[in-house]
Amino acid sequence: MSTFESRPRFLLSAFLMNTSSHILGGMWRHPEAQQHKFNELDLWVDLAKKLEEAKFDNLFFADVVGLYGDHEGGWASHVRKGMQVPSHDPLVLLSALAATTKDIGLAMTSSVIQAHPFQFARQLSTLDHLSRGRVAWNIVTSVLENSHRNFGGASLVAHDDRYAWAEEYVESAYKLWEGSWEDDALLADKESGIYADPARVNKINHRGELYSIDGPHLALPSAQRTPFLFQAGSSPRGSQFAATHAEATFLFAPHPQYVAKKNAQLTSNLQAAGRTREDIKVFAGLSFVVGSTEAEAKALEAEYDQYLDPHAIIAHIGGGIGVDLGGLDLDTPLGEVKTEGAQGVLEAALASTPGRNPTLRDLAHYRAKAQQIVGTPEQIVDELEQWQDAGIDGLNIMNHVLPGSYDNFIEGVLPELRRRGLAQTGYTPGSLRQKVFGRGDKLPENHPAAQYRGAFTQNSAASTQKAAQLQH
């Protein structure tokens, strides 16, 4: 084990969802679990305050906008098991958490299919203002056919076409966030009566294949302008998109060797995009079972195993990759599957069982256990250092039970992380971007959004008025 001083700290994120059953299916049934109360604000406010007191960097809310693909011939089993249905809107919840926290980052998932970029950009700017620059957006394209049908689509859009859609979506949002309002446009001068300088407020006049947006952006530019950007796709196209746009990406990785492989792919893609590895943070989705002794940790793991529902986990995986795996024996081999769904999930599942095709039971084990670290705080942090050596910058911590999983991490693992200098003890002032990177509130110049700064001055209100006067 290397000296403590030689290692950077881990970024710590709580991986959450405004639903009763997120990743580890069945755990809502545990006697101590409170996630079935997800519709009660107090659950989330208390948890957010607890994580902020522990100096977590971020609350990260996953989301879906439709049902997973059929399981056991239909979608009834999803409702029966509470498998991400019902699920409530994270944007609304984060508005409340912005008012009850001061420093912790507020990340939300929103798909390009679910909101027009003009409306979404306005919502995120508003939330970034209200939170004083703590908002992050996890950019997703939606792998679920029902999600696409819920927003007018005839079917699931092909995998790479979804990323082409996302490219135009973020381009139009960047134009609104970065190019519509120039610095110092807002005057609010009561003596002159001028609220904003029309020469510094610009229409973007975006014309693309999917969107036509005049602008200007109706919201004032917030502390970050463009919110902090997450992206979780791990397919080759997803990694390319992350390398171009994301400031943080996260992996469902079965072991550090898989992380190292993905990290090498990401680094290559970053170079092609004109960015560096220092421009992005890589998070691993991991869960933890902590005990004061190894035997105590194993006993808690066995207790949790009683409530894990492998069929719910299989329904989650199969529904995400577009294959009904219901009704099959858990020892049925999955084999080679081609799908327009979550290709990165399938790739990671196959990588977790080298040398043979994984069975359904292997897949359930992969989702529940391959990303789970069990042991004493010292054993857990020893293993986390191996993940860090493979290229992990942060932990997106999955929970078995709310709030108990985070209590166990805070009381058990966090002191050992701090003893080794691997966790922060206080917050850096400023926006989420400043807290994470320490180089200012705004995106750097090598990010594609930066090209739109000052790009639309000819479209300002004053220029338009002057042109109209000359015509007359």
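What this report covers is the structure whose coordinates are included nearby. Source: prediction; values computed, not measured.

Thresholds applied
Residues numbered from 1 in each chain as written. Predicted model: local features only at pLDDT ≥ 70, side-chain atom pairs only at ≥ 80, totals over all residues. Heavy atoms only, no water. Helix = DSSP H or I, 4+ residues; strand = E, 2+ residues; numbered from the N terminus. Rg over C-alpha atoms; globule rule 2.2 N^0.38 Å. Buried < 20%, exposed > 50% of the residue type's maximum accessible area, 1.4 Å probe, protein only. Contact = heavy atoms within 4.5 Å. Areas by Shrake-Rupley, 256 points an atom, 1.4 Å probe, with all protein chains shown as cover. Lys, Arg positive; Asp, Glu negative; His and termini not counted. Charge placed at Lys NZ, Arg CZ, Asp CG, Glu CD. Expected span 1.5 Å × (residues − 1). Bend = angle between axes of the 7 residues up to and from the residue. Phe/Tyr/Trp six-rings, centres within 6.5 Å; stacked < 30°, edge-to-face > 60°. Lys NZ or Arg CZ within 6 Å of the ring centre and 35° of its normal. Polar contact = N/O pair within 3.5 Å; in protein donor to acceptor, adjacent residues only side chain to side chain. Axes fitted to C-alpha atoms, helices over the stretch in contact; angles between N-to-C directions. Parallel < 35°, antiparallel > 145°, perpendicular 65-115°, else oblique. Left-handed = near helix turned anticlockwise from the far one by under 90°.

### Observations regarding the overall build of the protein chain
Inference 1: Each helix and strand counted, the protein chain has 16 helices and 13 strands in total.
Inference 2: Computed over its C-alpha atoms, the radius of gyration of the protein chain comes to 23 Å, within 12% of the 23 Å expected for a compact globule of 472 residues.
Inference 3: Based on the C-alpha atoms only, the size of the protein chain along its principal axes is roughly 80 × 50 × 45 Å.
Inference 4: Sorting the 472 residues of the protein chain into buried and exposed places 56% on the buried side.
Inference 5: Sequence-distant contacts, at least 24 apart, represent 76% of the contacts inside the protein chain between residues at least 6 apart.
Inference 6: Element-wise, carbon and sulfur atoms account for 50% of the exposed surface of the protein chain, whose accessible area totals about 19,400 Å².
Inference 7: On the protein chain, the mean spot of the 42 positive side-chain charges and the mean spot of the 56 negative ones are 3 Å from each other.

### Side note on helix α7 (residues 236–245)
Inference 1: Of all ten residues in α7, seven are buried; the element is thus mostly enclosed.
Inference 2: Inspection of α7 places Arg237, Gly238, Ser239, Phe241, Ala242, Ala243 and His245 among the buried residues, and these make up the whole buried set.
Inference 3: Packed against the buried residues of α7 are β4 (135–140), α6 (159–179), β9 (228–231), β10 (248–251) and α8 (256–272).

### Concerning helix α14 (residues 404–419)
Inference 1: With 16 residues, α14 should reach 22 Å at 1.5 Å per residue; the first-to-last C-alpha distance of 22 Å fits that figure.
Inference 2: A maximum bend of about 40° is found in α14 at valine 413, where proline proline 415 lies one to four positions downstream.
Inference 3: Of the residues making up α14, those classed as buried are Gly404, Ser405, Tyr406, Asp407, Phe409, Ile410, Gly412, Val413, Leu414, Glu416 and Leu417.
Inference 4: Tucked inside the fold, the buried residues of α14 contact β1 (11–17), α1 (41–53), β11 (281–290), α9 (294–305), α13 (377–390) and β13 (394–397).
Inference 5: Where α14 ends, the next residue or the one after it, glycine 421, has phi of about 75°, a positive value.

### Here we look at the packing of aromatic side chains
Inference 1: With the rule as written, the count across this model stands at 19 aromatic pairs.
Inference 2: A ring pair is formed by phenylalanine 60 and phenylalanine 250, whose centres lie 5.1 Å apart and whose planes are at 85°; its orientation type is edge-to-face. Placement of the pair is phenylalanine 60 in strand β2 (residues 58–62) and phenylalanine 250 in strand β10, with a sequence separation of 190 residues. Pair check on accessibility: phenylalanine 60 and phenylalanine 250 agree, each one buried.
Inference 3: On the basis of an interplanar angle of 55° and a centroid distance of 5.4 Å, the ring pair of phenylalanine 228 and phenylalanine 230 is categorised as tilted. For the pair formed by phenylalanine 228 and phenylalanine 230, the shared burial category is buried.
Inference 4: In this structure an aromatic cluster arises from ring pairing among Phe15, Phe60, Phe228, Phe230, Phe250, Phe252, Phe283 and Phe437.
Inference 5: The lysine or arginine in question, arginine 439, covers the ring of phenylalanine 437, its NZ or CZ lying 4.6 Å from the ring centre.

### A look at the environment of leucine 12
Inference 1: The residue leucine 12 is located in strand β1 in this model.
Inference 2: Taking the C-alpha atoms as reference, leucine 12 lies 29 Å from glycine 66; in sequence the two are 54 residues apart.
Inference 3: Ignoring anything within four residues of it in the chain, the contact list for leucine 12 reads Phe56, Asp57, Asn58, Leu395, Ile397, Phe409, Leu414 and Ala423.

### What about the side chain of threonine 109?
Inference 1: Inspection of the secondary structure assignment puts threonine 109 in strand β3 (residues 105–111).
Inference 2: Under the relative-accessibility criterion, threonine 109 is labelled buried at 3%.
Inference 3: In this structure the side chain of threonine 109 is engaged in a polar contact, spanning 2.9 Å, whose partner is the backbone oxygen of phenylalanine 61.
Inference 4: Polar side-chain contacts of threonine 109 include one of 2.9 Å to the side chain of asparagine 138.
Inference 5: If we ignore the near neighbours within four places in the chain, the residues touching threonine 109 are Phe60, Phe61, Ala62, Asp63, Pro90, Asn138 and Val140.

### Some thoughts on the packing of α6 against α7
Inference 1: Across the interface, α6 lies against α7 with an axial gap of 10 Å and an inter-helix angle of 15°. Our classification of the angle between α6 and α7 gives roughly parallel. For the pair α6 and α7, the sense of crossing is right-handed. Note on element contacts: α7 touches α6 through Arg237, Gly238, Phe241 and His245, opposite His159, Asp160, Tyr163, Ala166, Glu167, Val170 and Tyr174.

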